[in-house]
Amino acid sequence: MATVKSKNIRVRIAPSPTGYLHIGTARTALFNLLFAKHNNGKFVLRIEDTDLERSDKKFEKDIIESLKWLGLAWDEGPYRQSDRLEIYEKYVNKLLNENLAYYCFCSKEDLETERQTMLAQGLAPKYSGRCRDLKSEEVKKRLDAGASHVIRFKTPEARVTFKDLIRGEISFDAALLGDMTIAKDPKIPLYNFAVVVDDEEMKISHVIRGEDHIANTPKQILLQKALGFKTPQYAHLPLILDPDRSKMSKRYSATSIQEYRDQGYLPQAIINFLAFLGWHPKEEREIMSLKELIKEFELNRVQKAGAVFNIEKLGWLNMQYIKSFDNSELAETLGVAATEENLKIIDLTKPRMKKLSEFKDLAGFFFNLPEYDSKKLIWKTTPISTTLENLQAVEKLLSELTEKQFSKENLESVFSEITKERGRGEVLWPLRFALSGLDASPGPFEIMEALGKKETLKRLQIAIQKLESRS
RNA sequence: GGUCCUAUCGUCUAGCCUGGUCUAGGACGCCUCCCUUUCACGGAGGAAACACGGGUUCGAAUCCCGUUGGGACUACCA
């Protein structure tokens, strides 16, 4: 295998527990894992919970559980930013002491007015730097008075250029950025700052994340330089899009892994599907396991443009995986007892299921015969009387068989004569309908095998009675 | 508005780096047919794309420039 020589590759997935594990986050996690494992690197999980108001333990729990369910195992963590506050504080103070950051006392209202004014002038909105040169005595005085504040980084006016592993060179003019906020207080870091500190402390070599973070990259690089940190390699993944080509959102579709899990999508199918959203192996293949994906994954084969989430294809993939399961395995995932009868039912239902959740609807008739209109027993233009005669003939034929003879193969041969005499459609359609009560179902021989002699006869008699009461 | 990213069938994509083998390949979806009592599976076939305009070149889906379209970002969220 063409692996990069042990270059201490370390990547991370850094979800914030402000919602359930998002499809996009799962895909980012997957690509990170794929890249790490392909190169014998480490995959770190870091929970970015610096936003106390929006973070919730229940989301953290869901993220961890969903990641596990998908089979995306991390090597280190979960680290929690809320457990690392002293580390950020140390670095905030460092910047403050070196006069690379400063306290800002501007009110939100003032900032907003400033922003609007600049926007109206067609300028890139950025902070004016009003508090940048406040005298230290003044700062101390205001701090002592308990004035509300924030800490800003003195953004240098420079051109920031970095090489994105997927997109090539990307360049920003930092002069347009303005002095960004890095913390609300030395003890309360903000996203861009916490990320930079953690990536350094955790020796992250490659930052693989969504395209929506491209604009954050120059900010983080500037911070790294000020702090004397190394700059990791960056790779920005294309976004997952809704059918209207906007960033996938709750408004349009189910966005949490948990929802797909509840609907009966298999983790293998989701992984396979997500991997192919923005990536493709060299060969023309569609079905790949996580292991195979790891083997084949190359960052330079990642697509640059966003990819629409195609639920139809997920459904098809899911069906492929469902079909690949053996019956007892499927019984277990469905939470159904692996009795002989159930296994037969599963076997017949398997090729018809796009989602596990469809099992109930598809297989329900095996357990309870649905109510149906006796008209439905009639094949095309067959007269009622003929249909009745045919069913009676079938009943007679079947009642002479032993339970053992109720196998698909045997029943087929038993029926060869009667279907020749009376017509396949004329015999088999009413039989199948009597057995299933449904317009669409597996074939009558298969159903009879699963149902057994007693139940088959019972259902046949119900149909016969229905027809008799009609005529 | 500004900044940045981006552009092959309806969708996911192969091909693009290293121009000719592209009459542009595969998959999902769609259509037709086969199998078949129905539905599904399976099998065979079909319709369907290089956004546009300039260059460069003997030759461009592939390289360059521009236009247009699409998207992301633009917080004391992450």
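First things first, this report covers the structure right here in the doc. The shown structure was predicted, so the numbers you read here are calculated from the model rather than taken from an experiment.

Definitions and limits used
- Residues numbered from 1 in each chain as written.
- Chains lettered and ligands numbered in written order.
- Predicted model: local features only at pLDDT ≥ 70, side-chain atom pairs only at ≥ 80, totals over all residues.
- Heavy atoms only, no water.
- Axes fitted to C-alpha atoms, helices over the stretch in contact; angles between N-to-C directions.
- Helix = DSSP H or I, 4+ residues; strand = E, 2+ residues; numbered from the N terminus.
- Parallel < 35°, antiparallel > 145°, perpendicular 65-115°, else oblique.
- Contact = heavy atoms within 4.5 Å.
- Nonpolar A, V, L, I, M, F, W, Y, C, P; charged D, E, K, R; others polar.
- Pairing = 2+ DSSP bridges.
- Near = heavy atom within 4 Å.
- Polar contact = N/O pair within 3.5 Å; in protein donor to acceptor, adjacent residues only side chain to side chain.
- Core = buried A, V, L, I, M, F, W, Y, C linked by side-chain atoms within 4.5 Å.
- Buried < 20%, exposed > 50% of the residue type's maximum accessible area, 1.4 Å probe, protein only.
- Salt bridge = Lys/Arg side-chain N within 4 Å of Asp/Glu carboxyl O.
- Lys, Arg positive; Asp, Glu negative; His and termini not counted.

Our focus in this paragraph is the packing of helix α1 (residues 23-38) against helix α9 (residues 267-275). Viewed as axis vectors pointing N to C, α1 and α9 meet at an angle of 80°, and their least axial separation amounts to 10 Å. Regarding the angle of α1 to α9, the classification is roughly perpendicular. Across the interface between the two elements, Ile 23, Ala 26, Arg 27, Leu 30 and Phe 31 of α1 pack against Ile 271, Leu 274 and Ala 275 of α9. Considering only residue class, the contact of α1 with α9 consists of seven nonpolar, no polar and one charged.

Strand pairs in the sheet, formed through backbone hydrogen bonds, run parallel or antiparallel to each other. Spatially, β4-β5-β8-β9 is the arrangement adopted by the four strands of the open sheet, whose pairing is antiparallel. Only two strands of the sheet have a single neighbouring strand rather than two, namely β4 (101-104) and β9 (188-189). Here strand β5 (residues 150-153) runs beside strand β8 (residues 181-185); their pairing, made up of two bridges, is antiparallel. Bridging from a neighbouring strand, Arg 152 pairs with Thr 181 of β8.

On to the environment of Ala 275, then. Looking at the element boundaries, Ala 275 is found in helix α9. Put simply, Ala 275 and Lys 230 are 45 residues apart on the chain and 30 Å apart in space, counted from C-alpha to C-alpha. Sequence-distant contacts of Ala 275, that is, excluding residues within four places in its chain, are made with Leu 30, Phe 31 and Leu 293.

On to the protein's contact with RNA strand B, then. Close to RNA strand B lie 72 residues, the nearest being Arg 115, Pro 351, Arg 352, Arg 424 and Pro 444. Atoms of RNA strand B within 4 Å of the protein: sugar and phosphate make up 74%, bases the balance. Between RNA strand B and His 280 there is a distance of 3.3 Å, counted from a sugar or linking oxygen to a side-chain nitrogen or oxygen. Between a base nitrogen of RNA strand B and a side-chain N or O atom of Glu 284, the distance comes to 3.3 Å. Secondary-structure elements contributing two or more residues to the surface near RNA strand B are α4 (108-120), β5, β7 (168-173), β8, β13 (307-308), α11 (311-324) and α17 (424-436). Its residues assigned to classes, the surface near RNA strand B shows 29 nonpolar, 17 polar and 26 charged.

Grouped together as the largest cluster of nonpolar side chains are 95 residues, with contacts concentrated most on Tyr 260, Leu 274, Phe 309, Phe 366, Leu 398, Phe 415 and Met 448. In terms of residues, this core owes the most to one element, helix α18 (residues 444-470), which gives ten residues. Apart from the residues within four sequence positions on either side, Phe 415 is in contact with Val 394, Leu 397, Leu 398, Val 427, Leu 428, Leu 431, Phe 445 and Met 448. Listed in part, the 35 residues of the second largest apolar core include Leu 95, Ile 170, Ala 194 and Phe 229.

All chains considered together, the criterion is met by 33 salt bridges. The partner of Arg 54 in a salt bridge is Asp 51, with the nearest N and O atoms 3.2 Å apart. Of the residues examined, Asp 51 reaches a relative accessible area of 28% and is grouped as partly exposed. The partner of Asp 144 in a salt bridge is Lys 140, and the shortest N-O contact between them spans 3.0 Å. Of this pair, Asp 144 and Lys 140 both sit in helix α5 (residues 136-144), four residues apart, roughly one helical turn. For the pair formed by Asp 144 and Lys 140, the shared burial category is exposed.

Another point: the side chain of Asp 62. Relative to the helices and strands, Asp 62 resides in helix α2 (residues 57-70). Despite being buried, Asp 62 has no salt bridge partner; Arg 261 is the closest side chain of opposite charge, sitting 6.8 Å away.

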